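Tertiary structure, described
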Amino acid sequence: MAAEPLVAASAADAPFSVSARPVLSLRGIVKSFPGVKALQGVELDLYPGQVTALIGENGAGKSTLVKLLTGVYQPDAGEIRIEGRAARFPTAAAAAAEGVTAIHQETVLFDELSVAENIFLGHAPLNRFGLIDWPRMRREAREILARIGAALDPNAALKDLGIASKHLVAIARALSVEARVVIMDEPTAALSHKEIGELYELVERLKAQGKAILFISHKFDEIFRIADRYAVFRDGGMVGAGLMSEIDERRLVEMMVGRAMDSIFPVRTPQIGEEILSVSGYSHPTEFADVSFTLRRGEILGFYGLVGAGRSELMQALFGISRPSAGICRIAGEERSPRSPAEAVEAGLVYAPEDRGLQGAVRALPIFQNLTLPSLGRLSRAGLLRKAEEFALTRHYAERLDLRAASLDQPLGLLSGGNQQKVVIGKWLATQPKIIILDEPTKGVDVGSKAAVHEFMAELAAEGLAVIMVSSEIPEILGMSDRVIVMREGRMVGEYPRAGLTPEILVRAAAGIGVGIGAGGDS
Amino acid sequence: MTMAPPPRPIPPRHIPDRLNGSFLRRLKSWETLLLAVAAAIFTFNALASPYFLDPWNLSDATFNFTEKAMIALAMALLIIAGEIDLSVGAIIALASVAMGAARQMGVETTGLVLIGAGVGLACGAFNGFLVAGLGLPSIVATIGTMSLFRGIAYIILGDGAYGGYPASFAWFGQGYVWGAITFELALLAVLAVVYGVLLHGTNFGRRIYAIGNNATAAAFSGVRVRRIRMTLFMLTGLMAGIASVCLTSRLGSTRPSIGMGMELEVITMVVLGGVAITGGSGTILGVMLAALIMGLITFGLGLLNVPGVVMSIFVGILLISVIALPKLLEKMRR
């Protein structure tokens, strides 16, 4: 690692000359993934001794940007400049050598190692024999911990520390390289009030040391408290940037959600029938509490909220993946709280998960085997497979969903994200369910397939299926739902009919801004 | 404003069930490679030793692999599902000791067979409980039960040996059903068909592949993953019990060291047969061809008076080269 102590020292020596020259600049950064343009022409400047808040909806491209800055991804086009000269981050180590370091939402630390070992893992100071210089490592660890005001023993085992202390170790680790730019990705998401206060102090301290800080957060109160500048992302592009002192909350929200609804959603006249699902007082020890709602045939019920609001966890509990600690679930009037997915499927409730690769599909198996997996019992005779029936059923749903594939025997993993999603949805429809839960149904799906999934969702509702759609995309929520429930920190904070619902109402409810929405306040 | 759903003049696009060229794919398959290897070894043996082609000699040679191959059938399913059972050799010992002890109390042939198979099934159920019930990793759990089962066998039997099995019991390991076809070979053939259908033609088999490729997604698709894992461990234990009946009958006596190290030969057979050790793929045909290859090598080298140590070197080299060959070819192509 070729560190450049001269530059780093000069930046640290002159913390008060808040120059107009940015430490790090992004110019015209483009990054695409198959079928999706994650970032298009991003321009961003980070200044020494200043906190820049990065704001945007889920999926706006914030995480992609962080990965570009830490050497995980490479940009397809555009330039990263450090102190005015072009830089490339082919690896994480290269980014660290340039003084760009990140504190992630969930940092990987090692429970069995000591605090000092965790801080210096991968770049421990060596003695002249090439072995780890333990005394020096402990000394330097102590110095770094002191610099961030953490009263931790470098020799303590990490497993003996609480979550907040572990977080401090993660921060110390990020600062163990000569950092010029510190990226904090939702650093307060897992912290209590007191710990958040301590984190703010730490941020102030880093500012005073002349570091440029990129602070990613969904919480408006903390952005206004801590940031000097803002940058708003929407759909992979930057839609606004400037000084915090020149903007208010309302205009930030407007920028975040945008005015135009760019996709076209199917026109529906919902035929809402009798109640099919009734959930009351559903609670979980850690993920959600006291959730009650009902769902009717032919209805599309949207669930909006920020990542980590407990929506997926609630749906997975309804599907029998995890057990609720309290609450009753009635399906078609009968009290049935599924204890396993198999029971949920029998009861007519199915769930297409957000994480298709891990949970939704067996990608190494052929399309038809994925599609028939939950329906094998019905398709087979005396437990024996009947391939002809399997292909016929698969063909039926492939045609209905306009699947694009070379053959039905093709491994599912070879299809595009959108077509994989079609198979996952088809798999559940083949079980002839009463209720289908779609968790982020168009995440990672290209624009064309997105429209197909939306169209299909509308058709299903028209046929009398009850649909729950978990989504973090506001246009999708507003374009598809008949009714919307907003969750925040594991609780329902609002329930709205589609008529009269605006993006501002949703964003405010999800972020906990403003008044008059359900119970709540900070816990 | 209401709109009728748009008409769809375009007929849905046609997607074929399967693509052509399945013959070529079959030609390139692992099973074809194994078949070629088996044929080569057979030819080599026939040329190298004049005694090789004698039907009774060949028949004797099948004892090299029949018992292991029975266990390999169930082990293949278990490994495809992403699990493993290292305790099968120890299960053979415990089942054999149980039969020997029962014989001392005067139990007759039918009872002995039921006890052998039953002990195997019970041991498998215990493994299944540890893995599917308590969630232990199968490699750790079955290393534990490997010592446990073998240890119990040693405690019961000490340094001694059980013998005195009834004459009718000897048929399972020494009898012939038709001409030179042994009972063991016939049983293996029947079991191979049963397992082939089970893995390739039933819901159960399909779910095994789903679990082995992605257990989480399988569970999210309503597959009862734990129940299937439990069943697979019980099947493996049962097959080890049946193998114990055959082996005990063939040897005519029980020592606590019986079946020692057999688990590794069984797993070698399964892996050589093309089952991915990481789970998710493999066929029964491949495993049976691998069993045949290993039997032919052992027998052929035996006829040439090659010592056992050299044989194991040979099997080791064969395993590594057959596994490494496709990877090497792939690298060279790049």
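The structure displayed is predicted, hence computed values, not measured ones.

A count of helical and extended segments in chain A gives 19 helices and 20 strands. Burial analysis of chain A (523 residues in total) assigns 54% to the buried set. Counted over contacts in chain A with a minimum sequence separation of 6, partners at least 24 positions apart contribute 66%. Of the roughly 22,100 Å² that chain A leaves accessible, carbon and sulfur atoms contribute 52%.

Before going further, it helps to examine helix H14 (residues 284-303) of chain B. Residue and element names in this part refer to chain B. The end-to-end C-alpha distance of H14, which contains 20 residues, comes to 29 Å, matching closely the 28 Å that a straight helix rising 1.5 Å per residue would cover. Burial within H14 is extensive, with 15 of its 20 residues counted as buried. By the N-cap criterion, in which a side-chain oxygen at the helix start approaches the backbone nitrogen of a residue two or three places on, H14 is capped by Thr283, the distance to Gly286 being 3.1 Å. Following H14 by one or two positions, Asn305 has its phi on the positive side, about 60°.

Residue and element names in this part refer to chain A. Bridge count between strand S3 (residues 51-56) and strand S9 (residues 229-234): 5 bridges; the pairing is parallel. The partner of Ala53 across the bridge, within S9, is Tyr230. By the bridge criterion, 6 bridges tie S9 to strand S10 (residues 237-243) in an arrangement that is antiparallel. If you follow Phe233 over to S10, its bridge partner there is Met238.

Moving on, we get to the packing of helix H2 (residues 30-48) of chain B against H14 of chain B. Residue and element names in this part refer to chain B. At a closest axis distance of 9 Å, the pairing of H2 and H14 adopts a crossing angle of 20°. In terms of orientation, H2 and H14 fall into the roughly parallel class. For the pair H2 and H14, the crossing hand works out as left-handed. Taken together, the residues of H14 that come into contact with H2 (itself represented by Glu31, Leu34, Leu35, Val37, Ala38, Ile41, Phe42 and Asn45) are Leu285, Gly286, Leu289, Ala290, Ile293, Leu296, Ile297 and Gly300. In the contact of H2 with H14, the residues fall into 12 nonpolar, 3 polar and 1 charged.

Another point: the domain arrangement of chain A. Residue and element names in this part refer to chain A. Along its sequence, chain A is carved into domain 1 (1-12 + 48-74 + 89-99 + 178-257), domain 2 (111-176) and domain 3 (275-361 + 433-511). Counting residues at the interface gives 13 residues for domain 1, matched by 12 residues for domain 2. Overall, the association of domain 1 and domain 2 removes approximately 910 Å² of surface from exposure, summing both partners, and the carbon and sulfur fraction of that is 69%. At the junction of domain 1 with domain 2, the criterion picks out 0 salt bridges. Here domain 1 is connected to domain 2 by 0 residue pairs in polar contact (both at pLDDT 80 or more). Here the residues of the side of domain 1 that touches domain 2 sort into 9 nonpolar, 1 polar and 3 charged.

Every contact between the two is made by 33 residues of chain B and, on the other side, 49 residues of chain A. When the two sides are added together, the surface that chain B and chain A hide from each other amounts to roughly 3,300 Å², 55% of it contributed by carbon and sulfur. Three residues stand out in chain B for area buried against chain A, namely Ile15, Arg206 and Phe220 of chain B, and they jointly supply 26% of the buried area on that side. The tally of links between chain B and chain A comes to 3 salt bridges. A salt bridge links Glu390 of chain A to Arg206 of chain B; the nearest nitrogen and oxygen atoms lie 2.7 Å apart. The tally of links from chain B across to chain A stands at 16 residue pairs in polar contact (both at pLDDT 80 or more). For the side of chain B that touches chain A, the elements supplying multiple residues, two or more each, are helix H9 (183-201), helix H10 (203-213) and helix H11 (215-220) of chain B. The element best represented in the side of chain B that touches chain A is H10 of chain B, accounting for 6 residues. When the residues that make up the side of chain B that touches chain A are grouped by side-chain class, the tally is 14 nonpolar, 11 polar and 8 charged.

Moving on to the pattern of salt bridges. All names here are of chain A. Throughout the structure, instances matching the rule amount to 31 salt bridges over all chains. Of the charged contacts, one joins Glu79 and Arg81 as a salt bridge, the two residues approaching to 2.9 Å between their closest N and O atoms. In this structure Arg81 comes out as partly exposed when scored by relative accessible area, which is 30%. Linking Glu274 and Arg297 is a salt bridge whose minimum nitrogen-to-oxygen distance equals 3.0 Å.

One finds Leu277, Phe293 and Phe303 of chain A to be the most contacted residues of the largest nonpolar core, which totals 132 residues. The next biggest cluster of nonpolar side chains, apart from the first, holds 97 residues, and it includes Leu365 of chain A together with Tyr165, Ala192 and Val275 of chain B.

This next bit is on the sheet that holds strand S13 (residues 300-305) of chain A. Residues and elements named next belong to chain A. If you walk across this open sheet you meet the 6 strands as S16-S17-S18-S13-S19-S20, and the pairing is mixed. Every interior strand has two partners, whereas the edge strands, strand S16 (349-352) and strand S20 (491-497), have only one. Adjacent strand axes in the sheet meet at a mean angle of 20°, parallel and antiparallel pairs treated alike. Sheet topology note: the strand S17 (residues 435-439)/strand S18 (residues 466-470) ladder contains 5 bridges and is parallel. Counted as the bridge partner of Leu438 is Met469 from S18. Packing against the sheet, helix H19 (residues 503-511) makes contact with S13, strand S19 (483-488) and S20, and its axis sits at approximately 30° to S19.

All names here are of chain B. With respect to the secondary-structure elements, Arg150 resides in helix H7 (residues 138-157). Buried and without a salt bridge, Arg150 has Glu263 as its closest oppositely charged side chain, separated by 5.2 Å. Excluding anything up to four places from it in sequence, Arg150 contacts Gly89, Ala90, Ala93, Thr145, Pro256, Ser257, Ile258, Gly259, Met260 and Gly261.

All names here are of chain B. Evaluation of the coordinates by the stated rule reveals 15 aromatic pairs over all chains. Pairing Trp171 with Phe183 gives two aromatic rings, centres 4.6 Å apart and planes at 40°, and the pair type is tilted. Taken together, the residues Trp171 in helix H8 (residues 171-174) and Phe183 in helix H9 connect sequence positions 12 residues apart. Taken together, the ring pairs in this structure connect Tyr165, Phe169, Trp171, Phe172 and Phe183 into an aromatic cluster.

This part covers the side chain of His284 of chain A. All names here are of chain A. Of note, His284 is situated in the loop between strand S11 (275-283) and strand S12 (291-296). At a separation of 3.1 Å, a polar atom in the side chain of His284 contacts the main-chain amide nitrogen of Glu287. Apart from the residues within four sequence positions on either side, His284 is in contact with Ser322, Arg323 and Ser325.

Another aspect to go through is unusual backbone geometry. Residue and element names in this part refer to chain A. For Asp290, which is not glycine, the phi torsion reads 55° and is therefore positive. For Asp290, the location among the structural elements is in the loop between S11 and S12. Even without being a glycine, Ala382 presents a positive backbone phi close to 55°. Inspection of the secondary structure puts Ala382 in the loop between helix H14 (376-379) and helix H15 (387-400). The exposure class of Ala382 is exposed, given its relative accessible area of 80%.

All right, on to a nonpolar patch on the surface then. Residues and elements named next belong to chain B. Taken together, the side chains of Phe126, Phe129, Leu134, Leu136, Leu148, Ile152 and Ile156 make up a nonpolar region of the molecular surface, amounting to roughly 600 Å² of accessible area. Among the secondary structure elements, those contributing two or more residues to the nonpolar patch are helix H6 (109-133) and H7. Considering each element in turn, the nonpolar patch owes the most residues, 3 residues, to H7. Relative to the elements of secondary structure, Ile156 occurs in helix H7.

What counts, and where the lines are drawn
Residues numbered from 1 in each chain as written. Chains lettered and ligands numbered in written order. Predicted model: local features only at pLDDT ≥ 70, side-chain atom pairs only at ≥ 80, totals over all residues. Heavy atoms only, no water. Helix = DSSP H or I, 4+ residues; strand = E, 2+ residues; numbered from the N terminus. Buried < 20%, exposed > 50% of the residue type's maximum accessible area, 1.4 Å probe, protein only. Contact = heavy atoms within 4.5 Å. Areas by Shrake-Rupley, 256 points an atom, 1.4 Å probe, with all protein chains shown as cover. Expected span 1.5 Å × (residues − 1). Polar contact = N/O pair within 3.5 Å; in protein donor to acceptor, adjacent residues only side chain to side chain. Pairing = 2+ DSSP bridges. Axes fitted to C-alpha atoms, helices over the stretch in contact; angles between N-to-C directions. Parallel < 35°, antiparallel > 145°, perpendicular 65-115°, else oblique. Left-handed = near helix turned anticlockwise from the far one by under 90°. Nonpolar A, V, L, I, M, F, W, Y, C, P; charged D, E, K, R; others polar. Domains from an automatic or database assignment. Buried area = accessible area lost by both parts, 1.4 Å probe. Salt bridge = Lys/Arg side-chain N within 4 Å of Asp/Glu carboxyl O. Core = buried A, V, L, I, M, F, W, Y, C linked by side-chain atoms within 4.5 Å. Lys, Arg positive; Asp, Glu negative; His and termini not counted. Phe/Tyr/Trp six-rings, centres within 6.5 Å; stacked < 30°, edge-to-face > 60°. Patch = residues over 30% accessible without salt bridge, like charges linked within 9 Å, V, L, I, M, F, W, Y side chains within 5 Å.

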